[in-house]
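# A look at the structure
The lines below spell out each chain.
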Amino acid sequence: MALLFLWDSGRSGQFMNASDIAALKKQALGEAQAAGTADALEQVRIKYLGRKGLLPGIMTGLKDADPAERPAMGRLANELKQELAARLAARRGELQAGSAGDGAGAFDPTLPGRWRGLGARHPISRVIEETIRIFDTLGFSVADGPDIETEYHNFDALNTPDDHPSRDTQDTFWLEAGRLLRTQTSPVQIRVMESQPPPVRIIAPGRCYRRDTTDATHSANFHQIEGLYVDRRVSLADLKGDITYFAQRLMGADVKVRFRPHFFPFTEPSVEYDFSCHVCGGKGCRVCKQSGWIEISGAGMVNPKVFRKVGYDPDAVTGYAFGMGVERIAMIRYGIQDIRLLYDNDRRFLESLSL
Ligand code: 2U9
């Protein structure tokens, strides 16, 4: 208190040094926090920052202060000014919010809370996480890899012919130095097989890119989940069984799966698979265009040529692989008509989904 008296007596600058100003700042901030009313707060402001307040006194007194102390005193005086002004403003806010700020009576339990609305996982994240969870029960681990790939890992290693249309610039985002944005997550499986001997049991979820005109069902960047199971005596029956297991856990226990012959350069034999329509149970409706079936994606037994590329002996191991478009599954599951809605992050749309 002696210090203030000295100060209050208007004999500005004398006897003051930097630590005195630091102490004064602490005192001023304390008085501001303790002010229980707007008037009391205004008194604190006037006392320290008013035209005839302590701080202007200090500023004018600085010229008489010990030159060695002056720089520190000036800096501390400015700090006092900034921090006290901030504390006064915060305290004024608290008082206006009607809470005394000292905890007493601050919290009025009868007041309704401000409902901020519960967030939810995005449909794409949900389908990926659910798929990871389901295949984890089958012993599949998750593998990841770069979005920017080499032509070798994205095409050559997958036995994709040099003249295959998917290599064309209108299909693939080519970058410099023969790099490209991966068109599917299959290069991840190639890299895993290059890095370890069989057995392999992985799923590779991730973002993929195809130079597609974005419309209600196509987007230039989308998500895929691919799976690979390589070991001795892996068969097409394993593939059919595991895809059916997955379908029933993701879409419902009564979902059936249909396999149709197809062709992919990286699998032989290849299939496309459909889930029975979860809306009409297969009887036929608008969602499944009266067919009772919804086309999901493709799969097949890994082409021996691919095994040779990664140094696996196709006479010692066999394997199955499958792919699926995540957006497609999310649109089917949540009844979404336009893929673009999945990227617009429009809260009205996201909140409309029964997630
Ligand atoms: C290796 C060997 C084979 C992955 C496969 C598909 C079939 C497939 C579609 C998913 C959505 C393409 O974008 S999409 O329409 N993918 O139908 N993917 S078999 O086959 C592999 C992968 C890696 C080493």
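You'll find the structure just up there.
In this report, the structure presented in the accompanying data block is examined. (Residues numbered from 1 in each chain as written. Predicted model: local features only at pLDDT ≥ 70, side-chain atom pairs only at ≥ 80, totals over all residues. Heavy atoms only, no water.)

### A short note on the pairing of strand β6 (residues 257–264)
Bridge analysis of β6 against strand β7 (residues 267–276) gives seven bridges, and the strand direction is antiparallel. Looking at the pairing, proline 261 lines up with valine 271 of β7. Where β6 hands over to β7, the hairpin turn is made up of two residues, counted between the paired strands. (Pairing = 2+ DSSP bridges. Helix = DSSP H or I, 4+ residues; strand = E, 2+ residues; numbered from the N terminus.)

### Observations regarding the nonpolar core
Nonpolar side chains tend to gather and get buried jointly when the protein is soluble and globular. With 43 residues, the main nonpolar core has Tyr273, Phe275, Tyr320 and Phe322 as its most contacted residues. Secondary structure elements with two or more residues in this core: α6 (123–136), β5 (221–231), α9 (236–251), β7, β8 (293–302), β9 (318–325) and α11 (326–334). For tyrosine 320, the contacting residues outside a window of four places in its chain are Phe140, Gly227, Leu228, Tyr229, Val234, Ser235, Asp238, Leu239, Asp242, Gly300, Met301 and Val302. Grouped together as the second largest cluster of nonpolar side chains are 22 residues, Ile21, Ala32, Ala35 and Leu76 included. (Core = buried A, V, L, I, M, F, W, Y, C linked by side-chain atoms within 4.5 Å. Buried < 20%, exposed > 50% of the residue type's maximum accessible area, 1.4 Å probe, protein only. Contact = heavy atoms within 4.5 Å.)

### Quick look at the layout of surface pockets
One number sums up the size of the second largest pocket: a volume of about 260 Å³. Among the residues forming the lining of the second largest pocket, the class breakdown is five nonpolar, three polar and four charged. (1 Å grid on protein atoms, 1.4 Å probe; cavity = no way out; pocket = protein on both sides within 12 Å on 5 of 7 lines; lining within 4 Å. Points joined across faces, edges and corners; volume = space filled by probe spheres on them. Nonpolar A, V, L, I, M, F, W, Y, C, P; charged D, E, K, R; others polar.)

### Overview of the sheet that holds β8
Taken in spatial order, the seven strands of this open sheet run β1-β4-β5-β9-β8-β7-β6, and their pairing is mixed. Each edge of the open sheet is held by one strand with a lone partner, namely β1 (141–142) and β6. Two strands pair when backbone bridges link them, and β7 and β8 are joined in this way by eight bridges, in the antiparallel orientation. In the sheet register, threonine 267 faces β8, and the bridge partner there is valine 302.

### Details of the site of the ligand
Every one of the 21 residues lining the ligand counts as a neighbour, but Arg210, Gln224, Glu226, Ser297 and Gly298 are closest to it. Between the ligand and glutamine 224 there is a distance of 2.7 Å, counted from an oxygen atom to a side-chain nitrogen or oxygen. Between the ligand and the protein, one listed contact pairs an oxygen atom with a backbone N or O atom of glycine 298 at 2.9 Å. Here the ligand, which alone exposes 560 Å², has 88% of that area covered by the protein. Top element by residues in the shell around the ligand is β9. It accounts for five residues. (Near = heavy atom within 4 Å. Polar contact = N/O pair within 3.5 Å; in protein donor to acceptor, adjacent residues only side chain to side chain. Areas by Shrake-Rupley, 256 points an atom, 1.4 Å probe, with all protein chains shown as cover.)

### Observations regarding the packing of helix α2 (residues 18–34) against helix α5 (residues 70–96)
Between α2 and α5, whose axes approach to 9 Å, the crossing angle comes to 5 degrees. Looking at the two axes, α2 sits roughly parallel to α5. Residues Ala18, Ile21, Ala22, Leu24, Lys25, Ala28, Leu29, Ala32 and Gln33 of α2 form the contact with α5, whose own contacting residues are Ala72, Met73, Leu76, Ala77, Glu79, Leu80, Glu83, Leu84, Arg87, Leu88, Arg91 and Glu94. (Axes fitted to C-alpha atoms, helices over the stretch in contact; angles between N-to-C directions. Parallel < 35°, antiparallel > 145°, perpendicular 65-115°, else oblique.)

### Some points on the packing of aromatic side chains
Inspection of every chain in the model, using the stated rule, returns twelve aromatic pairs. With 6.3 Å between their ring centres and 45 degrees between their planes, phenylalanine 259 and tyrosine 273 make a pair best called tilted. Of the two residues, phenylalanine 259 is situated in strand β6 and tyrosine 273 in strand β7; the sequence distance between them amounts to 14 residues. With 5.5 Å between their ring centres and 15 degrees between their planes, phenylalanine 264 and phenylalanine 266 make a pair best called stacked. Over the ring of tyrosine 245 we find arginine 249, and its NZ or CZ is 3.7 Å from the ring centre. (Phe/Tyr/Trp six-rings, centres within 6.5 Å; stacked < 30°, edge-to-face > 60°. Lys NZ or Arg CZ within 6 Å of the ring centre and 35° of its normal.)

By themselves, these observations are geometric and do not establish any function.
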